[in-house]
Every structure is written in structure tokens, then in C-alpha cells.
Amino acid sequence: MSDSQWLMRKLRYMLSVANTLKAVCPGVYYTTGAWSTIKLLTILNYVPIYTKIIPHHFPSMQYIELLAGTGLCKIRETQDVVAGSTLIASTVCYKPFDKYILVEKDQHSAEALEKRMKTVTPNATVLMQDCNDCISEVLGTLPSRGHYLAFVDCEGLDVDWSTMNYLLSKPGDILFTFQSQFVARVRGRAIRGSKGNEEKLNRFYGDDRWKTCTSPEDLVAAYVNKLKERRGIVLPIYVKGPRGFQYYVIYATRITSMGSPWVKGVTYLKQKVEGCDYRWVEGILNVLTGRQLTISELI
């Protein structure tokens, strides 16, 4: 299957889930660019792998989001609504998670998310707080032998390292969105003397290792190395956007005695995601919704 065909299958699913839930809190969406749907492919593809394997080794598994949003995303270029990460994770799982712990500090977004999740599962809890203030509450629901999958969808420097450190202290896998160019811009301001930005970076990294970085790629590598101190396997997935924009979804998991065989699935996912051209998304959505007959001109 070609990368474009693979992407079309995934977007078709995201549209179908959204169509069943748009009537719940209509008009409350997270508006974003078409290119940002690419990162959602990591959740769409990893959740089935995770929920098939983990129940064989742990008595409980939870899904955690620290920046959960509304559950639905509106694509700016086409005005289509697609499923966000929380609704993807709750509908594509091989076996349902025992709990869904979702953090969203915006009131309207949190209320819409809670109502939408209730139509899918009775096991979702939405916390209307800043994730840095409630991480102990989030992990307090995790049983002593439980395991979690966390999606940390940063748009900037939203999550302090102290919060990540707490998350990493428990058994679990993490998908972390690292906005490399945004972080690089903040670093530039900090190097030029902005104490506020310096403090933000120190909180984000947990130290000042960012000072020795000279490029967005260096900044990603520094965070990857930080994660490797707590997780043996860390795999950055590169996503390219318009006008030179780029970011990464970083996958982090522990090395197991079995050799972590599911990492092969993540390696395949990395290959497929990095093979997707963000310019395909708009055309594919147009085809799937009947506005356009073919995407051959784009691909």
C-alpha cells in the first residue's frame, strides 16, 4: 500500500468518527491546519498495538492526555471536522482502556470533551486544570501494577520537566509532540537576554542543556537524551509542515526482557508517517467528502 493510500484510509476513519459526534456541542472544535493531522496518525496506529499487548502483561491500563483539547479538530483549509486524539484512542483500541484520564484547562473545551467522551465510554475522567498542577492526581488513579499510554501534545513549552519526570516514574509509554522550531525561537530570545524565556526553557528541560544547542535538531536531540535517561527506547518521528515548518512526535518506552518486539510496529509507523506529504491531506479530505474526484494532481 502506498503512503498516500495509507493516509487516505486513516483520514477516512478520522472523518467517520467525527461525523458520529459533531452533534455533541456543535461548534466547539480545536481549529488547526491540515498538516497537523499527521501527528494524530501516531495515536491511530499505536493504540491498537498497545492495547493488544499490554493486557497480557499488566492487570490494568490507562490512557492519559495532559493537553486533551475538545476531542474534535476542525481543519482550517477545508472546514472538515476530524476526530482528535482522545476520540481516536477511545474508538480504535483493540481492548478498551480501563480508564481515560484527560486534562484540559480551558472550560469550554473540557466541557465539550467530557460530553463527547461520555458517548463513547463511561470510564473517562476530564480534569479542568493545568496539567503541571494536577499530575499527582492524574497518576494517583494508576494501580500499583498498572500501565499507561500517555499522549503529550505540546504546542510549545506547555509541560514542565517536573511533570514529565513524575510521569516517567511510573510504568508507561509516551508519545510527546516536540515543536522544534517554536523551542528554537524561544531559545533565541533567551540567548539574547530574556530571563522569562530562559526560565521557561529551564522548566521545560529540567536543566540548562538547551544552552549548548545551536539548531532545532540539537534541541530535539537534547530532549530525546533527557528521555533516554528514564526510558531505554526513544524514537523521534519527523513531521514536515508548510513553509519550512517542522515538528517531531517522540515515542518513549522501556526495554523489556522480551526485547520490546512491538517497537518494530513503531518503526514501521515512523516510516509511514515520515513518508506522508502534508500537502496530500487537503486533497484527500476533498476526495473523501466528494468535493474532488481525484488526488492524482497532488500526488
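The model shown is predicted, which means the values in this text are computed figures rather than measured ones. (Residues numbered from 1 in each chain as written. Predicted model: local features only at pLDDT ≥ 70, side-chain atom pairs only at ≥ 80, totals over all residues. Heavy atoms only, no water.)

K.L.:
Describe the side chain of Glu198, with residues and values.
P.N.:
Relative to the assigned elements, Glu198 resides in helix H8 (residues 195-205). Sequence-distant contacts of Glu198, defined by excluding residues within four places in its chain, comprise Ala190, Trp210 and Lys211. (Helix = DSSP H or I, 4+ residues; strand = E, 2+ residues; numbered from the N terminus. Contact = heavy atoms within 4.5 Å.)

K.L.:
Go over unusual backbone geometry with me, naming the residues and quoting the values.
P.N.:
Even without being a glycine, Cys25 presents a positive backbone phi close to 55°. With respect to the secondary-structure elements, Cys25 resides in the loop between helix H1 (3-19) and strand S1 (30-32). Residues other than glycine seldom take positive phi values, yet Gln79 does so here, at roughly 70°. Residue class for Gln79 comes out partly exposed when judged on its relative accessible area of 47%. (Buried < 20%, exposed > 50% of the residue type's maximum accessible area, 1.4 Å probe, protein only.)

K.L.:
Explain the packing of aromatic side chains to me, using residue names and the numbers behind them.
P.N.:
The description of an aromatic ring pair uses the distance of the two centres, along with the angle that the planes make with each other. Considering all chains together, one arrives at 18 aromatic pairs under this definition. With 6.2 Å between their ring centres and 55° between their planes, Tyr46 and Tyr50 make a pair best called tilted. Of this pair, Tyr46 and Tyr50 both sit in helix H2 (residues 37-53), four residues apart, roughly one helical turn. Given a relative accessible area of 2%, Tyr50 falls into the buried group. (Phe/Tyr/Trp six-rings, centres within 6.5 Å; stacked < 30°, edge-to-face > 60°.)

K.L.:
Would you mind going over the nonpolar core in detail, with residue names and values included?
P.N.:
Of all hydrophobic cores here, the largest spans 65 residues; its most connected members are Leu7, Ile38, Leu41, Tyr46, Tyr63 and Phe97. Those residues in contact with Ile38, other than ones at most four positions away along the chain, are Leu7, Val239, Tyr247, Val273, Cys276 and Val281. Core analysis: the second largest hydrophobic core is formed by 42 residues, Leu127, Ile174, Leu219 and Tyr248 among them. (Core = buried A, V, L, I, M, F, W, Y, C linked by side-chain atoms within 4.5 Å.)

K.L.:
Summarise the packing of H1 against H2; cite the residues concerned and give the values.
P.N.:
Between H1 and H2, the least distance of the axes is 11 Å, while the angle of their chain directions is 85°. Overall, the two elements H1 and H2 adopt an arrangement that is roughly perpendicular. The segment H1 lies against H2, with Trp6, Leu7, Lys10, Leu11, Tyr13 and Met14 engaging Thr37, Ile38, Leu40, Leu41, Leu44 and Asn45. Residues that form the contact of H1 with H2 fall into these classes: nine nonpolar, two polar and one charged. (Axes fitted to C-alpha atoms, helices over the stretch in contact; angles between N-to-C directions. Parallel < 35°, antiparallel > 145°, perpendicular 65-115°, else oblique. Nonpolar A, V, L, I, M, F, W, Y, C, P; charged D, E, K, R; others polar.)

K.L.:
Describe the sheet that holds strand S3 (residues 72-75), listing the residues and the values that go with them.
P.N.:
Spatially, S1-S3-S4 is the arrangement adopted by the three strands of the open sheet, whose pairing is mixed. Two strands in the sheet have a free side with no partner beyond their single neighbour: S1 and strand S4 (81-83). Direction aside, neighbouring strands of the sheet carry axes that sit 35° apart on average. (Pairing = 2+ DSSP bridges.)

K.L.:
Lay out the pattern of salt bridges in plain terms, naming residues and giving numbers.
P.N.:
All chains considered together, the criterion is met by 11 salt bridges. Asp207 is paired through a salt bridge with Lys226; the nearest N and O atoms lie 2.8 Å apart. One end of the pair, Asp207, is in the loop between H8 and helix H9 (216-228); the other, Lys226, is in helix H9, and 19 residues separate them in sequence. One salt-bridge network, held together by shared partners, links Asp207, Arg209, Lys226 and Glu229. (Salt bridge = Lys/Arg side-chain N within 4 Å of Asp/Glu carboxyl O.)

K.L.:
Describe in detail helix H7 (residues 180-191), supporting the description with residues and values.
P.N.:
Residues that lie three or four places apart on an α-helix share one face, since the helix turns once every 3.6 residues. For H7, built from 12 residues, the straight-helix expectation of 16 Å at 1.5 Å per residue is met to within 8% by its first-to-last C-alpha distance of 16 Å. For H7, the set of buried residues is Ser180, Val183, Val186, Arg187, Gly188 and Ala190. Downstream of H7 by a residue or two, Gly193 has a phi angle that is positive, lying close to 115°. (Expected span 1.5 Å × (residues − 1).)

K.L.:
Report on the pairing of strand S7 (residues 146-152), specifying residues and quantitative values.
P.N.:
Counting buried positions along S7 yields seven of seven residues, so the element is predominantly enclosed. Here S7 shows two buried faces, one formed by Gly146, Tyr148, Ala150 and Val152 and the other by His147, Leu149 and Phe151. Pairing of strand S2 (residues 60-65) with S7 involves six bridges; the strand directions are parallel. Along S7, the bridge assignment pairs Glu65 with Phe151. Regarding the hand of the β-α-β motif, the stretch spanning S7, helix H6 (residues 161-168) and strand S8 (residues 172-178) is right-handed. (Right-handed = clockwise from strand over helix to strand, strands pointing away.)

K.L.:
Lay out helix H4 (residues 107-118) in plain terms, naming residues and giving numbers.
P.N.:
End to end, H4 covers 17 Å across 12 residues, agreeing with the expected 16 Å (1.5 Å per residue, within 8%). Burial in H4 covers these residues: Ser109, Ala110, Ala112, Leu113, Arg116 and Met117. One side of H4 carries all its buried residues, which in axial view fall inside an arc of 165°. The outward face of H4, more than 90 degrees from its buried face, is lined by the exposed residues His108 and Lys118. Turning to H4, the residues buried within the fold contact S3, helix H3 (85-91), strand S5 (99-103) and strand S6 (124-127). Where H4 begins, the capping side chain belongs to Asp106, and its oxygen is found 3.3 Å from the backbone nitrogen of His108. (Arc of directions from axis to C-beta. Polar contact = N/O pair within 3.5 Å; in protein donor to acceptor, adjacent residues only side chain to side chain.)

Geometric descriptors of this kind do not, in isolation, establish any biological role.
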